[in-house]
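Geometric and topological summary
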Amino acid sequence: YRSIKSQTINLNDINYWKHQEGKGVDRLKIYLKNNKKICIELDNLSNSTKNYEMVNTLKNFLIAKGI
């Protein structure tokens, strides 16, 4: 993860998102209005309690914003 650069997503650029969970890797896919897609593999983030809480905060924020 050291080579990953910080990125910012403008909420107005998000068209919609999907949360996929199941037997495989849990993912959050964010679909942008410019037809690009961002995929975040949540299993890689939720190895600790703090990261798990951050993932839930992000999902709840997107739901609250109606995105």
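These notes cover the structure that comes with them. Counting of residues starts from 1 at the beginning of each chain's written sequence and follows it residue by residue. With pLDDT at 70 or above as the cut-off, local features in this predicted model cover only qualifying residues; side-chain atom pairs require 80 or more to be listed or tallied, and sums for whole chains, interfaces and linings still use all residues. Heavy atoms from the whole structure form the basis of all side-chain values; hydrogens and water molecules are not counted.

Considering the sheet that holds strand β1 (residues 14–20)
- Pairing between two strands requires that DSSP report at least two bridges joining them. Working definition: helices are DSSP H or I runs of at least four residues, strands are E runs of at least two. Numbering for both runs from the N terminus. Pairing in this open sheet of 3 strands is antiparallel, and the strands run β1-β2-β3 from one edge to the other. One side of each edge strand has no neighbouring strand; the edge strands of this open sheet are β1 and β3 (37–41). With direction set aside, neighbouring strand axes in the sheet form an average angle of 15 degrees.
- In terms of strand pairing, β1 meets strand β2 (residues 27–32) through 6 bridges, oriented antiparallel. Looking at the pairing, Lys18 lines up with Lys29 of β2. Axis geometry follows a simple rule: fit a line to the C-alpha atoms, using only the stretch in contact for helices, then measure angles between N-to-C directions, giving values from 0 to 180 degrees.

Regarding unusual backbone geometry
- For Asn35, which is not a glycine, the phi torsion comes out positive at approximately 70 degrees.
- Within the secondary structure, Asn35 sits in the loop between β2 and β3.
- On the accessibility criterion, Asn35 (75% relative accessible area) is exposed. We call a residue buried when its accessible area falls under 20% of the maximum for its residue type, exposed when it is over 50%, and partly exposed in between, using a 1.4 Å probe and counting protein chains only.

A short note on the pairing of β2
- For β2, the tally of buried residues reaches 5 of 6 residues, placing the bulk of the element in the interior.
- Examined bridge by bridge, β2 and β3 share 5 bridges and lie antiparallel to one another. Looking at the pairing, Leu28 lines up with Ile40 of β3.
- Counting the residues in the hairpin turn of β2 and β3 gives 4 residues, including Asn35, whose phi is positive at 70 degrees.

Comments concerning the side chain of Lys29
- If you trace the backbone, Lys29 turns up in strand β2.
- We classify Lys29 as buried; its relative accessible area is 16%.

Worth remembering: the numbers are spatial, not functional.
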